[in-house]
Amino acid sequence: CCRVRRLDIWASSQPKRGGLPPGTPTLETTVTTLTEELVLAAQQAWGDGIVRISAAHKNGEDFEQAAKDHINNLYNYGASNVLFKPTLAAEVQFRGTFDEALSYFVATNKVCGEDGGFAIKGWTAVRFENTALFLHGDTAMAMGNYFFTDPQGDLVKVEYSFGYVLNDKGEVRIVLHHSSVPYAG
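First, a word on what this report is: a plain description of the structure on this page. Small disclaimer: the values here were computed from a predicted structure and weren't measured.

Rules of the game
- Along each chain, numbering runs from 1 in the same order as the chain's sequence is written.
- Confidence filtering applies because this is a predicted model: local features only for residues at pLDDT of at least 70, side-chain atom pairs given and counted only at 80 or more, and all residues used for totals across whole chains, interfaces and linings.
- The side-chain values count all of the structure's non-hydrogen atoms but skip hydrogen atoms and water molecules.
- A pair of strands is treated as paired once DSSP finds two or more bridges between them.
- Secondary structure follows DSSP: runs of H or I at least 4 residues long count as helices, runs of E at least 2 residues long count as strands, and numbering of each begins at the N terminus.
- Axis lines are fitted to C-alpha atoms, over the contacting stretch for helices. Their N-to-C directions set the angle, which ranges from 0 to 180 degrees.
- Any two residues having at least one pair of non-hydrogen atoms within 4.5 Å are treated as being in contact.
- Of the two site types, the cavity is a set of points on a 1 Å grid over the protein atoms alone where a 1.4 Å probe fits but cannot get out, and the pocket is an open set with protein on both sides within 12 Å along at least five of seven lines, each lined by residues with an atom within 4 Å of a point.
- Grid points are joined across faces, edges and corners, and a volume is the space filled by probe spheres set on the points.
- Polar here means any residue other than Ala, Val, Leu, Ile, Met, Phe, Trp, Tyr, Cys and Pro, which are nonpolar, and Asp, Glu, Lys and Arg, which are charged; Gly is therefore polar.
- Accessible area is worked out with a 1.4 Å probe on protein chains only. A residue is then buried under 20% of its type maximum, exposed over 50%, and partly exposed in between.
- Nonpolar cores are built from buried Ala, Val, Leu, Ile, Met, Phe, Trp, Tyr and Cys residues. Side-chain atoms within 4.5 Å join them into one set.
- Any angle that falls under 35 degrees is termed roughly parallel, while one over 145 is termed roughly antiparallel, one within 65 to 115 roughly perpendicular, and all others oblique.

Quick word on the sheet that holds strand β5 (residues 139-149)
The sheet built from five strands is open, its strands ordered β3-β7-β6-β5-β4 with mixed pairing. Each edge of the open sheet is held by one strand with a lone partner, namely β3 (83-85) and β4 (125-136). On average, adjacent strands in this sheet sit at an angle of 25° to one another, irrespective of strand direction. In this structure, β5 lies alongside strand β6 (residues 155-166), joined through 11 bridges in antiparallel fashion. Counted as the bridge partner of tyrosine 146 is valine 158 from β6. In this fold helix α1 (residues 36-58) packs onto β4, β5, β6 and β7 (172-180), with an angle of close to 150° to the strand it touches most, β4.

Here you go:
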C-alpha cells in the first residue's frame, strides 16, 4: 500500500509519448511518518492474516507458511526487539523471538509446549476497535479491543496494545503486541 512512492522527474515541456524514455531519472521517496491510515491498514492486515492462517488450516493448506508470512510481513523480528505478550500464554509469557511467535500462532515447531495454535482456532473474522491512537513520527501506538469471530459466529473480545514503527523501507512493523482477556472479577 504505502511502501514506496515514485516521483517522476520530467520537464513538463517534454512530450510523454508512451511514458518516460529509458534512463529518465526518478526519485524514490520512503514513507517516514506513521499516519492513522497506515496503522488502520496494518491492523486490517493483521486481522486478515489471522483469518488466512485459520482458513489454510481448515482447508488442509500450508498454514505454517501462512503464519511465517504473517510474522515476517507484520512484525519487526530480526530488525529490532519485539515485545510480544500473547493472550493465551502463561508458562512462556513473553515471545521475543520469531520461533516463539510462530509457536504461539500455529504450535508446529514445539518451541513453547503450552501452545495450541491461537491462529488455527477457526477464526472467520477479526475486527479492531481502537480506544486511542498515539502517533509520533515513525512510531505509533494503539490500544483497544479486538473481536474474533469463531466458527460458530460467536465473538470473543480481547484487549490489546500494539506498538508500530516504520522500517527502513517505510513499511509498518509491529514492535509491541500485548493481548489479554478482559477482567472478569
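Regarding unusual backbone geometry
Positive phi, normally seen in glycine, also occurs at alanine 107, with a value near 55°. Tracing the backbone shows alanine 107 in the loop between α3 (98-106) and β4. Within the chain, lysine 110 stands out as a residue other than glycine whose phi angle is a positive 60°. Position of lysine 110 relative to the elements: it lies in the loop between α3 and β4.

Here we look at empty space enclosed by the protein
One pass over the full model with this rule turns up one cavity of 30 Å³ or more. Approximately 60 Å³ is the volume found for the largest cavity. Taken together, Trp46, Phe84, Pro86, Thr87, Tyr104, Phe105, Phe118, Tyr146, Phe148, Val158, His177 and Ser179 form the lining of the largest cavity. Secondary structure elements with two or more residues in the lining of the largest cavity: α3, β5 and β7. Here the lining of the largest cavity is built from residues that sort into nine nonpolar, three polar and no charged.

Thoughts on the pairing of β5
On a regular strand, one side chain projects to one face of the sheet and the next to the other, so that they alternate. Extensive coverage of β5 is indicated by the burial of eight of its 11 residues. Relative to β5, β4 is paired through 11 bridges, and the arrangement is antiparallel. Paired with asparagine 130 across the two strands is glycine 144, which belongs to β5. Here β4 folds back onto β5 in antiparallel fashion, the turn holding two residues, of which glycine 137 has a positive phi close to 65°. With antiparallel pairing between neighbouring strands as the criterion, β5 and β6 make up a hairpin whose turn holds five residues, including glycine 153 at a positive phi of roughly 90°.

Looking at the nonpolar core
One finds Trp46, Tyr75, Phe105, Tyr146, Phe148 and Tyr164 to be the most contacted residues of the largest nonpolar core, which totals 40 residues. Of all the elements in the fold, those that place two or more residues in this core are α1, α2 (63-74), α3, β4, β5, β6 and β7. The element that contributes the greatest number of residues to this core is α1, accounting for seven residues. Aside from chain neighbours lying at most four places away, what touches tyrosine 146 is Trp46, Val126, Arg127, Phe128, Val156, Lys157, Val158, Glu159, Tyr160, Phe162, His177 and Ser179.

A short note on the packing of α1 against α2
At a minimum axis separation of 8 Å, α1 and α2 run at an interaxial angle of 170°. Overall, the two elements α1 and α2 adopt an arrangement that is roughly antiparallel. Facing Ala45, Trp46, Gly49, Ile50, Ile53, Ala56 and His57 of α1, the residues of α2 in contact are Phe63, Ala66, Ala67, His70 and Leu74. Along the lines of polarity and charge, the residues of the contact of α1 with α2 split into nine nonpolar, three polar and no charged.

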